[in-house]
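Chain by chain, the residues:
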Amino acid sequence: MKSSRISGFYKLSIEERLKIVKEFSELSDEEAEFLLKGHLDMDLADRMIENVVGMTELPIGIATNFKINGKDYLIPMAIEEPSVVAAASHAAKLAREGGGFFTSSTEPIMISQIQVVGLRNPHFAKMQVLEHKEELMRIANEQDPVLIKVGGGCRDIKARVIDSNMGPMLVIHLHVDVRDAMGANAVNSMAEALAPYIEDITGGKVYLRILSNLAIYRLARARAVWKKDVIGEDTVKGILYAYEFARVDPFRAATHNKGIMNGIDAVLIATSNDWRAVEAGAHAFAAMDGWYTSLTHYEEDEEGNLVGSIELPMAVGIIGGATSTHPKAKIARKILGIKTAKEFGEILAAVGLAQNFAALRALATEGIQRGHMSLHARNIAVMAGAKGEEIDRVAELLVKEKKVRVDRAKEILEELRERK
Ligand code: MEV
């Protein structure tokens, strides 16, 4: 069986790393070459969004060591922030000693909302809508024969009356199984198609017809054990304190959850998924109990090991939109080796948990700056003009001297070159 446990991956050259990824994920020569040198075609970009004038770029790094449900994965991450890829890989390495990550998820049910206003008797109207549930579901399903063919479709219709400063509103929720798509288009089309029927049934006026990013019926979950003997008793305690801090304090929870999303977003961007949708869902879900709190949980088991878990909405797809058209997104998906959106969502949950563990471990022990500094120092070395092997030499000295500045990097570089 293939293993993603690769020690010293970071020390290899880009070409050597790519060779390993190519073999692991069975990329073709063309795919590997495209990953290294290719870029999105301008015509494709011009069809992707409006008013295109250029392209932006982010590095794609590979997080190693992930074992999820007994299977090894390499995780492509696109991000501008140093330390994220290294931190995820390290957390995954430490989790392997406890068997890696174990995941599960719900069915891929998205919610679409229809807002009905101007109702004299909103509760009465609610009953009228629910009486027509079967017929409304049939009409919704007529909008997307392809989705029905692959086993998806509208599964339920719910309605509730909410109060507002503009009077009561009837809010209808379509619950739609979107299978392997992110599902926005499918559920929005259904809501738009049902709107005139809802107006007929209720006599009210429909305004908004749009999905909710608070996808509480499309949840992904992950758990892992970090052994006390591997991470140390003090670290277990420190992480439990860090978790409690985030659980009870929204100021800390925001940063804690940002760390989780560092990992999740990076994979979403690499695969051209709508990361804003997942962000919105995650943060709204974190406030579901009436206050904003941590998306992860940490506990200590009877042996003193740290057990971590995460559950969050995961509206992601592997078909449709840019996930299917962006050539690098397709390669990123191939690197992951995923076959379903369910598997993808669960990987994302595991990455989020790993990322959070890594941040808490660093924060509760040596602090976050040490890891940040060595990568930052490499950037400073490059800014100072260091090339090839010089980069690591200059960075090392900058960190050692605790002077991570371009002026000092230039001096070190000059000294190194003179000595040659
Ligand atoms: C930085 O991008 C993320 C962290 O701030 C997360 C955290 O504090 O848990 C390190």
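Per chain, residue numbering runs from 1 following the sequence as it is written. Since the coordinates come from a predicted model, pLDDT governs what is reported: local features require at least 70, and pairs of side-chain atoms require 80 or more to be given and counted, while whole-chain, interface and lining totals use all residues. Water and hydrogen atoms were dropped before computing side-chain values, which therefore reflect all heavy atoms in the structure.

Colleague: What exactly am I supposed to notice about the nonpolar core here?
Modeller: General note: in soluble globular proteins, nonpolar side chains tend to be found buried as a group. Here, the term nonpolar core denotes a set of buried Ala, Val, Leu, Ile, Met, Phe, Trp, Tyr and Cys residues that are joined through side-chain atoms within 4.5 Å. Three labels apply to residues, based on accessible area from a 1.4 Å probe with only protein chains included: buried if under 20% of the type maximum, exposed if over 50%, partly exposed otherwise in between. Phe-66, Ile-75, Met-77, Phe-101, Trp-226 and Tyr-298 are the most contacted members of the largest nonpolar core, which totals 59 residues. Counting from the N terminus, the helices are DSSP H or I runs at least four residues long and the strands are E runs at least two residues long. With 11 residues, the top contributor of residues to this core is helix 15 (residues 341-364). Only heavy atoms enter the contact rule, under which two residues are in contact if any of them lie within 4.5 Å. For Phe-66, the residues in contact, after removing those within four places along its chain, are Ser-4, Lys-71, Asp-72, Tyr-73, Ile-75, Ala-88, Ala-92, Arg-96, Phe-101, Ala-350, Val-351 and Ala-354. The next biggest cluster of nonpolar side chains, apart from the first, holds 33 residues, and it includes Val-116, Met-190, Leu-194 and Ala-277.

Colleague: Please clarify how unusual backbone geometry should be interpreted in this entry.
Modeller: Among all residues except glycine, the phi angle is most often negative; among peptide bonds, the trans geometry is most common. Unlike most non-glycine residues, Ser-83 shows phi in positive territory, near 85 degrees. Classification of Ser-83 by relative accessible area gives buried; the value is 15%. Positive phi, close to 50 degrees, is recorded for Arg-179, a residue that is not glycine. Its place among the elements puts Arg-179 in the loop between strand 6 (169-177) and helix 8 (184-202).

Colleague: How should the domain arrangement of the protein be read in this particular structure?
Modeller: It is common to give the size of an interface as the accessible area that goes away when the parts come together. The split of the chain into domains comes from an automatic or database domain assignment. Domain boundaries in the protein define domain 1 (9-102 + 223-365), domain 2 (109-212) and domain 3 (370-419). Relative placement of domain 1 and domain 2: their C-alpha centres are 33 Å apart. Taken together, the contacts link 11 residues of domain 1 with 5 residues of domain 2. Any Lys or Arg side-chain nitrogen found within 4 Å of a carboxyl oxygen on Asp or Glu counts as a salt bridge. Linking domain 1 with domain 2 are 0 salt bridges, by the criterion used here.

Colleague: Whenever I open this one, the site of the ligand confuses me. Can you help?
Modeller: In the vicinity of the ligand, the contacting residues are Glu-81, Arg-252, Thr-255, His-256, Lys-258, Gly-259, Asn-262, Ala-359, Leu-363 and Ile-368. Two N or O atoms form a polar contact when they lie within 3.5 Å of each other; inside protein one atom must be a possible hydrogen donor and the other a possible acceptor, and for residues adjacent in sequence the pair counts only when both atoms belong to side chains. At 2.6 Å, a side-chain N or O of Glu-81 approaches an oxygen atom of the ligand. One of the side-chain nitrogen or oxygen atoms of Asn-262 is found 2.9 Å away from an oxygen atom of the ligand. Looking at the shell around the ligand, the elements that each hand over two or more residues are helix 11 (250-270) and helix 15. The element contributing the most residues to the shell around the ligand is helix 11, with 6 residues. Classification used: nonpolar for Ala, Val, Leu, Ile, Met, Phe, Trp, Tyr, Cys and Pro, charged for Asp, Glu, Lys and Arg, polar for all others including Gly. Residues of the shell around the ligand, tallied by class, amount to 3 nonpolar, 4 polar and 3 charged. Throughout, near means a residue has at least one heavy atom within 4 Å of the molecule or strand.

Colleague: Just to check I follow, could you spell out the pairing of strand 9 (residues 296-300) for this structure?
Modeller: Consecutive side chains of a regular strand alternate in pointing toward one face of the sheet and then the other. A strand pair is defined by DSSP finding two or more bridges across the two strands. Sheet topology places strand 9 next to strand 10 (residues 306-313); 5 bridges connect them, and they run antiparallel. When the bridges of strand 10 are listed, Thr-296 appears paired with Ile-310. Connecting strand 9 to the antiparallel partner strand 10 that follows it, the hairpin turn spans 5 residues, and Gly-304 within it adopts a positive phi of roughly 85 degrees.

Colleague: Even after reading the chapter, I still don't get the packing of aromatic side chains, so can you show me in this structure?
Modeller: The relation between two aromatic rings is expressed through the spacing of the ring centres and the mutual angle of the planes. Whether two aromatic rings pair depends on their centres lying within 6.5 Å, for rings of Phe, Tyr and Trp, where Trp uses its six-membered ring; planes under 30 degrees apart make the pair stacked, over 60 edge-to-face, and the rest tilted. One pass over the full model with this rule turns up 4 aromatic pairs. For the ring pair Phe-101 and Trp-226, a centre distance of 6.0 Å and an interplane angle of 75 degrees mean the geometry is edge-to-face. Of this pair, Phe-101 sits in strand 3 (residues 101-105) while Trp-226 is found in strand 8 (residues 219-226), placing the two residues 125 residues apart along the sequence. We note that Phe-101, like Trp-226, is buried. Taking 5.9 Å as the distance between ring centres and 70 degrees as the angle between the ring planes, the aromatic pair formed by Tyr-243 and Tyr-298 counts as edge-to-face. Note that Tyr-243 is positioned in helix 10 (residues 233-248) and Tyr-298 in strand 9, a separation of 55 residues in sequence. Tyr-298 carries the same exposure label as Tyr-243, and that label is buried. Following the ring pairs from residue to residue traces out a cluster consisting of Phe-66, Phe-101, Trp-226 and Phe-357.

Colleague: I tried to follow the pattern of salt bridges on my own but got confused; where do I start?
Modeller: Pairing between side chains becomes possible if they bear opposite charge and their charged atoms approach one another. One pass over the full model with this rule turns up 25 salt bridges. For the salt bridge of Glu-33 with Lys-37, the shortest nitrogen-to-oxygen distance reads 3.6 Å. Pair noted here: Glu-33 and Lys-37 are both in helix 2 (residues 29-37), with a separation of 4 residues, about one helical turn. According to the relative accessible area criterion, Glu-33 is partly exposed, its value standing at 42%. One salt bridge connects Asp-392 with Arg-378, and the closest N-O pair in it is separated by 2.8 Å. Residue Asp-392 is located in helix 17 (residues 389-401), and its partner Arg-378 is located in helix 16 (residues 369-383); the two are separated by 14 residues in the primary sequence. On the basis of relative accessibility, which here comes to 39%, the residue Asp-392 falls in the partly exposed class. Overall, Arg-378 belongs to the partly exposed group, its relative accessible area being 35%.

Colleague: Looking at this model, I keep getting lost on the packing of helix 1 (residues 14-25) against helix 2. Mind explaining?
Modeller: Angle between the axes and distance between the axes: these two values describe a pair of packed helices. Every axis in this analysis is a line fitted to C-alpha atoms, fitted for helices over the stretch in contact. Angles between the N-to-C directions lie between 0 and 180 degrees. Between helix 1 and helix 2, the shortest axis-to-axis distance is 11 Å and the interhelical angle comes to 140 degrees. With respect to each other, helix 1 and helix 2 are oriented oblique. By crossing handedness, the relation of helix 1 to helix 2 is classed as right-handed. Two secondary-structure elements touch here, helix 1 through Ile-14, Glu-15, Leu-18 and Lys-22 and helix 2 through Asp-29, Ala-32, Leu-35 and Leu-36. For the contact of helix 1 with helix 2, the per-class residue count stands at 5 nonpolar, no polar and 3 charged. The cut-offs work like this: below 35 degrees is roughly parallel, past 145 is roughly antiparallel, 65 to 115 is roughly perpendicular, and the gaps in between are oblique. For any pair of crossing helices, the crossing counts as left-handed if the nearer helix is rotated counterclockwise from the farther one by less than a right angle, and right-handed if it is rotated clockwise.

Colleague: So what exactly am I meant to see when it comes to the sheet that holds strand 6 here?
Modeller: Whether parallel or antiparallel, the strands of a sheet pair through hydrogen bonds between backbone atoms. Ordered in space as 5-6-4-7, the 4 strands form an open sheet in which the pairing is antiparallel. If you trace the sheet from one side to the other, it starts and ends with strand 5 (153-162) and strand 7 (205-212), each paired once. Strand after strand, the sheet turns through a mean of 20 degrees between neighbouring axes, direction not considered. As defined by bridge partners, strand 5 adjoins strand 6 across 9 bridges and the pair is classed as antiparallel. Bridged to Asp-156 within strand 6 is His-175. Most of the contacts of helix 5 (residues 122-131) go to strand 5, to which it runs at about 170 degrees, and overall it touches strand 5 and strand 6.

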